[in-house]
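Report on the structure
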Amino acid sequence: MELPQIPQLLNETLSPDGNVVRTATESLDRLSLHPDFPFYLLSITTGGQNPGQRVAAATYLKNFTRRNVDGSGPISEISSELKNQLMRALLKVEPAVLKVLVEVLRVIVASVFVKENSWPELVPELASVIQNSNLISGAANCEWNTINALTVLQALIRPFQYFLNPKVPKEPVPPQLELIAKEILVPLLAAFHHFVEKALTVHGGTEAEIERILLIVCKCIYLAVRSHMPSALAPLLPSFCCDLFRILGSLNFDHMDPMREGDLLRLKTGKRSLLIFCTLVTRHRKLSDKLMPDIINCVLKIAMHSTKIAKLDFPSERVVSLAFDVISHVLETGPGWRLVSPKFSFLLESAIFPALVMNEKDVSEWEEDMEEYIRKNLPFDMEEISGWREDLFTVRKSAINLLGVISMSKGPPVVASNSSSALSKRKKGEKIRGKDQRCFMGELLVIPFLSKFPIPSDTNVLETKIINDYYGVLLAYGGLQDFLREQKPGYLSTLVCNRVLPLYGVSVSLPYLVANANWVLGELASCLPEEMSADVYSSLLKALAMPDIGDVSCYPVRASAAGAIAGLLENDYLPPQWLPLLQVVVGGIGDEDQENSVLFQLLSTVVETGNENVAVHLPYIVSSLVGQISNSIPPDPEPWPQMVDRGFAALAVMGQSWEESMPEEVEECESPETWLSGQATIAKAFSSLLQQAWITAVQPMEGVSSDLQAASSCIDDSSALLRFVMRSVTTYNDLLELKVSDLLVVWAELIANCHAWEEMEDLSMFECVKEVVHLHRKFVLKDFFMRGLPSPPAPPVPQSSIIEGIGQFVSTAIAEYPSATWRASSCVHVLLHVPSYSSEVASVKQSLVVAFSEAAFSRFMAIRSKPCSMWKPLLLTLSSCYLCYPDIVERVLEKNERTGFTIWASALGFIGTSSFEHGPSAESEIQLIVMALAKVIERLLGQGNQDSDLLQGCFTSIMEASIQLKELQEEDDNEEAEDDEDAGDDDTDDSDDDDDDEDSEDGECEETEEQFLDRYAKAAVALENGTLVEEGDEEDLDQAIDLGDLEEIDQKSIVLSLIQRYHQVLIQGQSLPSSIVSNFLDSFPEYTSFFRQYG
């Protein structure tokens, strides 16, 4: 196939037929090996037959470049000719092609220009092209397109918006960026001023081409100054900002139509201008302080447009939102605070509060898209109030945030002082002394302003203005959480009692206000006085049960009440009675996915915080919910609807809560029948649900074939339910009645193909693995080791057994997911040593050993360059395998690495010594090391390797490990004896700890910027050097491993037998470290006779 066929193949990639697209793509992949392939694609991007073909050529070239640059492909080294042709194409192509083709340039720029600092002709040539382009030079028949050239410039600057070298605490401006600023940006700003003049003199509208140039130039400047400040650019910033002020001043929110391209581009340029101001205030204070008065005047005028919030479209709203954000940024600086503080009252009355008042858009959004309404107006994700936030996006959120920043500002001193001017300066990290001298602006200004608005009551509830204004008052209270935390408890109690709770008693339903009141109470949950919590909870429970009012849905009321109740519970409030809350929550779960999601989340929180108070109700709740969830499981199992997804998650929490609440000795508690009956009820419900999800839902109808498979959705939550079922089995009849074996067969198939890994959400699957093995040891499970042939008409191919599916899951976890290695490794020991393998199933054990050994050794080889904590689980995995089948493991180790056995044995010996930082800490780990090293030593001696360094190292390590094992056993004995003595001292210790905590908090210093940067630079160096490795969860580091019957083996007898049989080789024929020998004989004096030469 020749290159001229590429255009036809590109046309075929646009076909609606997937097979045609696949065939054409494969043909293009084969042709891509030709050295002229990228040149041919470039020629098509500029001279293709049709727009679709040109875009297809650019798209394939983009993917081709990403695959090959910095790799071993045909263009791993970019030729000058290819770069030149790419630049020519970029300057000529149409906008649709340019959008794709510029991605090719970004890849090459990142590799060649940024990383290697080569391509020296790029900047001067691009500077020349820009100056000689059609709109800047004004030439009639100019070859270069200005917009295309500026788009190329934007792609060139983009990598420099971030710091490029994290190993340096304070990174200097990259020389490439300095060159771009000097050669291109400085001359370009003169042209920018000219285009601003031209754009602002266009009467009756905007000119799209000029507006696009203004937007791209602003993007380029923003990228250039976002992290760095090029020296050539700094002197020009004042004049550039003057142009930005003029652009922002030209925004007419009454007459701009985002549907018109020019108006939309002007709004985008305004947004980018405000982002530049935020960056200057945040990153470049020395330059921004002089511009601060003009910045404030400019953004205040824009913020005043919040009075039109109901009529603002999204692009306009984003601009007004950013204006509030700029003011918040400015208030975090000393000069900015002094400039803005005199205008606080004006700002509050004319900009902030109007943005919060209820309007007709709120009503329409409530009715048309309640989720969007909640996201914009009841933001439970507000987190902290801060002047540095840039992720708010709506006028309301930005206004609430700014109000919070103002409320935390300090007002003028109450007592006159010569140092009053100094007190007005707010320095970050500096503790303000003499709190009685100055009050928060929240107390001086904000609360008095909000108090002017009367609270709706039965007498004025029909007055629309009162309702609308109080809607804004409630939103404002929600933004004052930081300020209110600083006040005395009585202050907040008075506010909530007088200004929030009365709304719940108004006879006429006020859903809009009640939803806001719920949100306020949720935001203040962490600082509510304890005596207020009961009244607040009672009001929120009433709101949670609020029914719809005619055609008006009250879902936002119920959702906000659920969030607020969850906040109360998480802040340690315990309701006097849990049943009413549970009844409301469970009764509200129905057919609405949105509401179910909220209620299931609340139910999980209730169960987690209620513990034993809620446990008594769980059997009834579980039985009720399982029926509803089962009915929602669709015939086509993927993906599950949200109702089922969240339902499984809630049930998993309930199962865990029940287990945690059960008495340790059920038979000895007051009502054992209640606990045993409840356990059986929950287990039957969970089993029924899993059968419905995994078996019934995918069974074909009689006489109908089906390819449906069990759903892998919620596999971790499903595993938690299955684990609960297994733990409930006490007799063989339970095993049959709950259909445990049938469920385990499906579960094993699901986890064998599981690839949706999460850092913390895969724990139940691993716990379930261990539970399966121990259940099999108590009751022999059907299909555990082997399964028979499937029933016709399925092909007679043996099916995977339960343990084979588990083995595939565990080996995949070890090989591919570092975060799961610790947990997977612990499962290996259980799978190999706990079950009893007969001779009939020995082949199953051998296949497991092969899979685990290959996975662990390949992972170890990838990280062996630097000792790290991940070494231990991988080497212990290989040790368990080696104890089972030494010959098989040796073949695996030396299959791809000739010295693989030596590498593993040496590393195992090393982790058993005190030289390894992350050495074994549990008795079972040391036992495993001792047994494995003993077998290695016997193997080496059997092969005649009596003088090898490996033999000496292994024997030295086994002595060290024996010493550590004895010390651990003695410590355990001592700790058991000391526990009883220390039990009476707990109260005293706790009080001392509390005092220590208070002292430490008082002395705690906030980390400075320099300390933060230095810490992260050191971490980056360590990461590059390989001393930081992705090592999974620290909680797993010190967990004991289950070795089954191997734990009964006396380690001391193993070492003694080894020394008795081979002491002439191991001791008399070796030069052992005298310190280790001395310590060994101190711990085991009975071995002294074998070490006479060291006496």
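In the block above lies the structure referred to throughout.
Attention here is on the structure that accompanies the text.

Parameters at a glance
Residues numbered from 1 in each chain as written. Predicted model: local features only at pLDDT ≥ 70, side-chain atom pairs only at ≥ 80, totals over all residues. Heavy atoms only, no water. Helix = DSSP H or I, 4+ residues; strand = E, 2+ residues; numbered from the N terminus. Buried < 20%, exposed > 50% of the residue type's maximum accessible area, 1.4 Å probe, protein only. Areas by Shrake-Rupley, 256 points an atom, 1.4 Å probe, with all protein chains shown as cover. Axes fitted to C-alpha atoms, helices over the stretch in contact; angles between N-to-C directions. Parallel < 35°, antiparallel > 145°, perpendicular 65-115°, else oblique. Left-handed = near helix turned anticlockwise from the far one by under 90°. Contact = heavy atoms within 4.5 Å. Core = buried A, V, L, I, M, F, W, Y, C linked by side-chain atoms within 4.5 Å. Salt bridge = Lys/Arg side-chain N within 4 Å of Asp/Glu carboxyl O. Phe/Tyr/Trp six-rings, centres within 6.5 Å; stacked < 30°, edge-to-face > 60°. Lys NZ or Arg CZ within 6 Å of the ring centre and 35° of its normal. Patch = residues over 30% accessible without salt bridge, like charges linked within 9 Å, V, L, I, M, F, W, Y side chains within 5 Å. Lys, Arg positive; Asp, Glu negative; His and termini not counted. Charge placed at Lys NZ, Arg CZ, Asp CG, Glu CD. Expected span 1.5 Å × (residues − 1). Arc of directions from axis to C-beta.

Moving on: the overall build of the protein chain. If you tally the helices and strands in the protein chain, you get 50 helices and two strands. Taking all 1095 residues of the protein chain together, the buried fraction comes to 52%. Total accessible area on the protein chain stands at roughly 50200 Å², and carbon and sulfur atoms take up 49% of it.

With that settled, consider the packing of helix H41 (residues 842-863) against helix H42 (residues 871-884). With their axes 9 Å apart at the nearest point, H41 and H42 run at an angle of 150° to one another. One way to sum up the angle between H41 and H42 is to call them roughly antiparallel. Crossing of H41 over H42 shows left-handed handedness. For the pair H41 and H42, contact is made by Lys845, Val849, Phe852, Ser853, Ala856, Phe857, Arg859, Phe860 and Ile863 and by Trp871, Leu874, Leu875, Thr877, Leu878, Cys881 and Cys884, respectively.

Glancing now at the environment of Ala652. Mapped onto the elements of the fold, Ala652 is located in helix H33 (residues 642-661). Its relative accessible area of 12% is what places Ala652 among the buried residues. With sequence-adjacent residues up to four places away left out, Ala652 is seen in contact with Asp717, Ala720 and Leu721.

Bringing the nonpolar core into the picture now. Side chains of nonpolar character tend, in soluble globular proteins, to be buried together. Among the nonpolar cores identified, the biggest contains 376 residues, and Leu153, Leu185, Trp747 and Phe1091 are the most heavily contacted of them. Excluding anything up to four places from it in sequence, Leu153 contacts Leu126, Ile130, Ile180, Ile184, Leu185, Leu188 and Cys220.

The next thing to look at is the pattern of salt bridges. Inspection of the entire model under this criterion finds 29 salt bridges. As a salt-bridge pair, Arg375 and Glu372 come within 2.6 Å of each other at their nearest N and O atoms. Here the residue Arg375 and the residue Glu372 both occupy positions in helix H19 (residues 370-377), the gap between them amounting to three residues, near one helical turn. What makes Arg375 partly exposed here is its relative accessible area of 39%. Residue Glu372 is classed as partly exposed on the basis of its relative accessible area of 26%. A salt bridge links Lys1052 to Glu1086, with the shortest nitrogen-to-oxygen separation between them at 2.6 Å. With Lys1052 in helix H49 (residues 1051-1066) and Glu1086 in the segment after helix H50 (1074-1083), this pair connects stretches of sequence that are 34 residues apart. Linked through salt bridges whose partners overlap, the residues forming this network are Arg66, Glu103 and Arg106.

Let us look at the packing of helix H32 (residues 618-632) against helix H34 (residues 672-694). A pair of packed helices is characterised by two quantities: the angle between their axes and the separation of those axes. One way to put it is that H32 packs onto H34 with a least axis distance of 9 Å and a crossing angle of 10°. Relative to H34, the element H32 lies roughly parallel. Of the residues in H34, those in contact with Leu618, Pro619, Val622, Ser623, Val626, Ile629 and Ser630 of H32 are Gly678, Thr681, Ile682, Ala685, Phe686, Leu689 and Gln692.

Below, the discussion takes up the packing of aromatic side chains. Tallied over the full model, the rule gives 29 aromatic pairs. With a centroid separation of 5.1 Å and an interplanar angle of 70°, the aromatic rings of Trp366 and Tyr373 are classed as edge-to-face. The exposure classification of Trp366 matches that of Tyr373, with both residues buried. Relative to Phe785, the ring of Phe784 has its centre 4.9 Å away and its plane inclined at 80°; by these criteria the two rings are edge-to-face. Owing to a relative accessible area of 11%, Phe785 belongs among the buried residues under this scheme. A connected cluster of aromatic rings, assembled from ring pairs, spans Phe860, Trp871, Phe910 and Phe916. The ring of Phe440 has Lys410 lying over it, and the distance from NZ or CZ to the ring centre is 3.9 Å. The side chain of Lys966 reaches across the aromatic face of Phe1084, ending 5.0 Å from its centre.

Further remarks concern a negative patch on the surface. A cluster of acidic residues, Glu367, Glu368, Asp369 and Glu371, forms a negative patch on the protein surface. Note on placement: Asp369 falls in the loop between helix H18 (360-368) and H19. By relative accessible area, Asp369 is classed as partly exposed at 38%.

So, about helix H40 (residues 821-833). With 13 residues, H40 extends 19 Å between its outermost C-alpha atoms, agreeing within 8% with the 18 Å of an ideal straight helix rising 1.5 Å per residue. Burial analysis of H40 places 13 of its 13 residues in the buried class, the great majority of the element.

Attention now moves to unusual backbone geometry. A positive phi angle, near 55°, is found at Asn117, a position not held by glycine. Positionally, Asn117 belongs in the loop between helix H6 (95-115) and helix H7 (122-131). Judged by its relative accessible area of 47%, Asn117 falls in the partly exposed class. We note that Asp572 has phi near 75°; this positive angle belongs to a residue other than glycine. Among the secondary structure elements, Asp572 is positioned in the loop between helix H28 (555-570) and helix H29 (579-588).

The complete set of buried residues in H29 reads Leu581, Leu582, Val585 and Val586. Angularly, the buried residues of H29 cover 120° about the axis, an arc narrow enough to put them on a single face.

Everything listed here is a matter of coordinates, which is why it stays silent on function.
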